[in-house]
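Chain and residue survey
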Amino acid sequence: MTLPTFPVCAALPDIPTPYIPSTRGNVDEMLRLASITPGDIVFDLGSGDGRVVIAAARDYGARGVGIEIDAKLVALSDANARQAGVADRAAFRAQDVFAADIRDATVVTMYLLSGLVARLEPKLLTELRPGTRIVAHDYGFPTWKPDREWRISKHYMLYIVPARVAGAWRIDAPMTKGREFLLEFKQQYQEVNGGVRVRGGYLPAFEARLTGDVLSFVLVEDDLSYRFEGRVRDGEIEGVVRFGLGPRSEEHT
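Only a predicted model underlies this, so the values are computations on that prediction, with no experimental measurement involved. Along every chain, residues carry numbers that run from 1 in the direction the sequence is written. Whole-chain, interface and lining totals are the exception, using all residues; otherwise, since this is a predicted model, local features are given only for residues with pLDDT of at least 70 and side-chain atom pairs are given and counted only at 80 or more. Excluded from the side-chain calculation are hydrogens and water; included are all heavy atoms of the structure.

Let's shift gears to the sheet that holds strand β1 (residues 41-45). Here, any two strands with at least 2 DSSP bridges between them count as paired. Here a strand is any run of E in DSSP of at least two residues, a helix any run of H or I of at least four, and the numbering for each starts at the N terminus. Across the sheet, seven strands lie side by side as β3-β2-β1-β4-β5-β7-β6; this open sheet has mixed pairing. Of all the strands in the sheet, the pair left with one neighbour each is β3 (90-94) and β6 (148-152). Sheet twist, expressed as the average angle between the axes of neighbouring strands with direction ignored, equals 15 degrees. With five bridges connecting them, strand β5 (residues 133-137) and strand β7 (residues 154-160) associate as antiparallel partners. The axes used here are C-alpha line fits, helices contributing only the stretch in contact, and every angle between their N-to-C directions lies in the interval 0 to 180 degrees.

See below:
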């Protein structure tokens, strides 16, 4: 499998980011858009006084980590977490966001200037697991299209880290009938397109969708649709293919 390469984070001068606290309503809209659950680990990049992490723990039962370069704000965040009764689920680190280990995150939130957001993109795509949700407040990525966005007083953008599916994959499914099916995809973030090269022709992949590590697409041969859905793991796509008409459709793993 050939994987796409993402740009390397270049060493650029630090971009000063003013501390502008989000309102309580803004914080809640970010967490709602991310669909926070008690099983999530929320990392807030540029966490200020800790209000996003504290709200995630207090209102949604999640665990959270705030990354903030200003040590005084980290101390204030710790005090605020104790006062809110969530110090056991909210931690704060005095760190530069580029040096922080964010690999445990299932959700990342950020309210940062556009230049800093653009510089962070390679780190997020490289270090975060496919399926991790990223919510940006006001300033999103320059070329990565949001999976979802809404405007409620402010602008919020949801990005779901995509698995890497670009390249060639060999299909092992009932429809192959002993033939070699070579699936090829091109990828631009979560947008994918491609099809299958098979002896005697080419089958385009219709309705190809990539959401995190879940890939789905439809192939049509001999007037019959084959609907694939699988999870991308360790260089393989494991899932099911459904084919047939109406209630008599079959499903194979």
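Restricting attention to buried positions, one finds in helix α1 (residues 24-33) the residues N26, V27, E29, M30, L31 and L33. Throughout, a residue-residue contact means that at least one pair of heavy atoms, one from each residue, lies within 4.5 Å. Summarising the contacts, the buried residues of α1 are in contact with α2 (51-60), β4 (107-110), β5, β6 and β7. Directly after α1, the chain includes S35, whose backbone phi takes a positive value near 55 degrees. A 1.4 Å probe rolled over the protein chains alone gives each residue an accessible area, and that area as a share of the maximum for its type sets the label: buried under 20%, exposed over 50%, partly exposed in between.

Taking strand neighbours across the sheet as the criterion, the four strands line up as β8-β9-β10-β11 in an open arrangement whose pairing is antiparallel. If you trace the sheet from one side to the other, it starts and ends with β8 (167-171) and β11 (201-204), each paired once. Averaged over all neighbouring strand pairs, the angle between strand axes comes to 25 degrees, with direction disregarded. Note: strand β10 (residues 191-198) against β11, four bridges, orientation antiparallel.

In short, geometric facts, not functional conclusions.
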